[in-house]
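Fold and contact review
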Amino acid sequence: MSPEPIDAATIAADVQSGRRTARAVAEASLARIATTEPAIHAFLGVTADRALAAADAIDDRRANGEPLGPLAGVPIAWKDNLVCAGEIATAGSRLLEPFRAPYSATVLERLEAAGAVLIGRTNLDEFGMGSTTENSAFGPTRNPVDPTLVPGGSSGGSAAAVAALDCPLAIGTDTGGSVRQPAAFCGVTGIKPTYGRVSRYGLIAYASSLDCVGAIARNAADLRLWLRAVEGPDPADATSLRRGEAKPETADVPRDDLTGLRVGLPWQLNGPGIDEEVSAAVRTAATELERLGATVEECSLAAVAHAVPTYYLVATAEASSNLARYDGVRYGQRRDGRRLEAMMAATRSHGFGHEVQLRVLLGTFALRAGYHEELYGRATRIRDLLRREFETAFASYDVLLSPTSPVPPFPLGSRLDDPLAMYLCDALTVPANLAGIPALSLPCGSTATGRPIGLQCMAAHGNDDALLRVGELFQRQTDHHRRTADLAGDVDGAVDGNPPEAPTA
Ligand code: GLN
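Structure report, in brief. What you see is a predicted model, and the numbers here were worked out from it, not measured in a lab.

1. Re the packing of aromatic side chains
Across all of its chains, the model carries 10 aromatic pairs by this definition. An angle of 70° between the planes, with centres 6.0 Å apart, marks the rings of phenylalanine 99 and tyrosine 331 as edge-to-face. Pair noted here: phenylalanine 99 is in the loop between strand 2 (75-79) and helix 4 (106-113) and tyrosine 331 is in the loop between helix 9 (307-322) and helix 10 (340-351), with a separation of 232 residues, a long-range link. Above the plane of the ring of phenylalanine 365 lies arginine 368, whose end atom (NZ or CZ) is 3.8 Å from the centre. Just above the ring of phenylalanine 410 sits the side chain of arginine 415; from NZ or CZ to the centre is 4.6 Å.

Pasting the structure below:
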């Protein structure tokens, strides 16, 4: 029997009022993880002791009449590329073993300060490089909706943990779609905030000009609760937005219905190359928005045609530089070699998986002397163009809509030998990262065979609150997010074939 899906807001309210103890909530979450993990493998490590100690501390505070935080007692999982003091951090790679973090990422520190109970590290594609979680060095995660399917990636463990009802909220990171696409694949809700809205301090970097910390939950209202708790400037992250740079909720977005909301459908993100059932579900969602009072119009974003090559150039170039620090001297594993270079080469060849090596090579190629301007320089100019096109579009529209992924979730292993097909899966999500704007994925239906479909909504830079408001109003008037949650509830041991590899810690 699967448990009732309870959202984060309800848990926090119940713990604050004394209807539930944080201890009971944490124990239920840990028990659910024990039941679902053999089939799903969403976690790389469950931090039961940390969770129970945090829960007891919250219950003690309440007993002493002390105030509780807005996320009091809410079990939260975090993607294992964010460091948490005293815990192992792998980034999905063997290379970092046996690294244990000496400090906590700002986002996790702020969550704990808000009363959240951190329950475990979730699985991911190595260093965030992938779209299915199959590039994890610790075995793939499976989709709780149907364990023969991929959960998406790279935050596949976080999306699967929420979909499997292990916890109501999980932290992910999104460099090119890694929060939104797994949320879409698993039938849950995910946000990539405006670049810089949430501190990246303590995030194991992939591509620093694109990396964003985001979150996955069962609904947009919980994502707002999360954003409130963690957003804001951080002296430890020079790219975090200063106060005033992120717009507060504006009057131009309606509070109770969507009357007057101007929605644009960029045809380049809604036409060619998109699965028919996915397109149909997004068109239906657009009609639902119209019924709620929005005006919907087709529009154009020409530069998105170049988004995938631009993204893979920028991302791999930045990755080749970010990953240079894993040299066998400072972190994790070391392989022997007769000379320094041989030691480094052996360490990196053994420690990094195939996809990571491929990308480091691609990125190094893009940055090599004499070609920098021709490749990286050109990508930067396309990026500026894309940013300006979005600015122009947002002068006419509050929200731009598209599918989150051009295809619904596919079977494990089915795309592994075609990297290009895999990269094209990111076509609809990478534009928001290149432009630094906020984007949300909302469940909007499923295919005839029950595979979840996600609707992507994008808003102007700093307009995260308005975006979440649209998501909340949509979810108040529709029940797609509840239906997919039901689909995913019943995963207890229901998997045929080989069980995924056991968690390592
Ligand atoms: N799939 C994309 C990539 O492999 C996005 C990954 C991400 O957002 N971390 O780069």
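2. A look at the site of the ligand
Taken together, 15 residues lie near the ligand, and Thr175, Gly176, Ser178, Tyr206 and Tyr311 sit nearest. Starting from 290 Å² of accessible surface for the ligand in isolation, the protein chains cover 99%. Of the residues that constitute the shell around the ligand, the class distribution is four nonpolar, eight polar and three charged.

3. Observations concerning the pattern of salt bridges
Applying the stated criterion across every chain yields a total of 24 salt bridges. Of the charged contacts, one joins arginine 359 and glutamate 355 as a salt bridge, the two residues approaching to 2.8 Å between their closest N and O atoms. In this pair, arginine 359 and glutamate 355 both sit in helix 11 (residues 354-367), four residues apart, roughly one turn of the helix. In this structure, arginine 359 and glutamate 355 share a single accessibility class: buried. Residues joined by salt bridges that share partners form a network here, namely Arg197, Arg224, Arg228, Glu231, Asp464, Asp465 and Glu472.

4. So, the packing of helix 9 against helix 12 (residues 372-396)
Look at helix 9 against helix 12: their axes get within 9 Å of each other, and the N-to-C directions meet at 125°. With respect to helix 12, the element helix 9 is oriented oblique. Crossing angle aside, the handedness with which helix 9 passes helix 12 is left-handed. Of the residues in helix 12, those in contact with Thr310, Leu313, Val314, Ala317 and Glu318 of helix 9 are Leu375, Tyr376, Ala379, Ile382 and Arg383. Its residues assigned to classes, the contact of helix 9 with helix 12 shows seven nonpolar, one polar and two charged.

5. Examining the pairing of strand 10 (residues 439-446)
Burial analysis of strand 10 places seven of its eight residues in the buried class, the great majority of the element. Alignment of strand 10 against strand 11 (residues 452-458), held across six bridges, turns out to be antiparallel. In the strand pairing of strand 11, leucine 442 is matched with leucine 455. Once strand 10 ends, the chain turns through five residues before running back antiparallel as strand 11, passing glycine 450 with a positive phi of about 85°.

Rules of the game
- Residues numbered from 1 in each chain as written.
- Predicted model: local features only at pLDDT ≥ 70, side-chain atom pairs only at ≥ 80, totals over all residues.
- Heavy atoms only, no water.
- Phe/Tyr/Trp six-rings, centres within 6.5 Å; stacked < 30°, edge-to-face > 60°.
- Helix = DSSP H or I, 4+ residues; strand = E, 2+ residues; numbered from the N terminus.
- Lys NZ or Arg CZ within 6 Å of the ring centre and 35° of its normal.
- Near = heavy atom within 4 Å.
- Areas by Shrake-Rupley, 256 points an atom, 1.4 Å probe, with all protein chains shown as cover.
- Nonpolar A, V, L, I, M, F, W, Y, C, P; charged D, E, K, R; others polar.
- Salt bridge = Lys/Arg side-chain N within 4 Å of Asp/Glu carboxyl O.
- Buried < 20%, exposed > 50% of the residue type's maximum accessible area, 1.4 Å probe, protein only.
- Axes fitted to C-alpha atoms, helices over the stretch in contact; angles between N-to-C directions.
- Parallel < 35°, antiparallel > 145°, perpendicular 65-115°, else oblique.
- Left-handed = near helix turned anticlockwise from the far one by under 90°.
- Contact = heavy atoms within 4.5 Å.
- Pairing = 2+ DSSP bridges.

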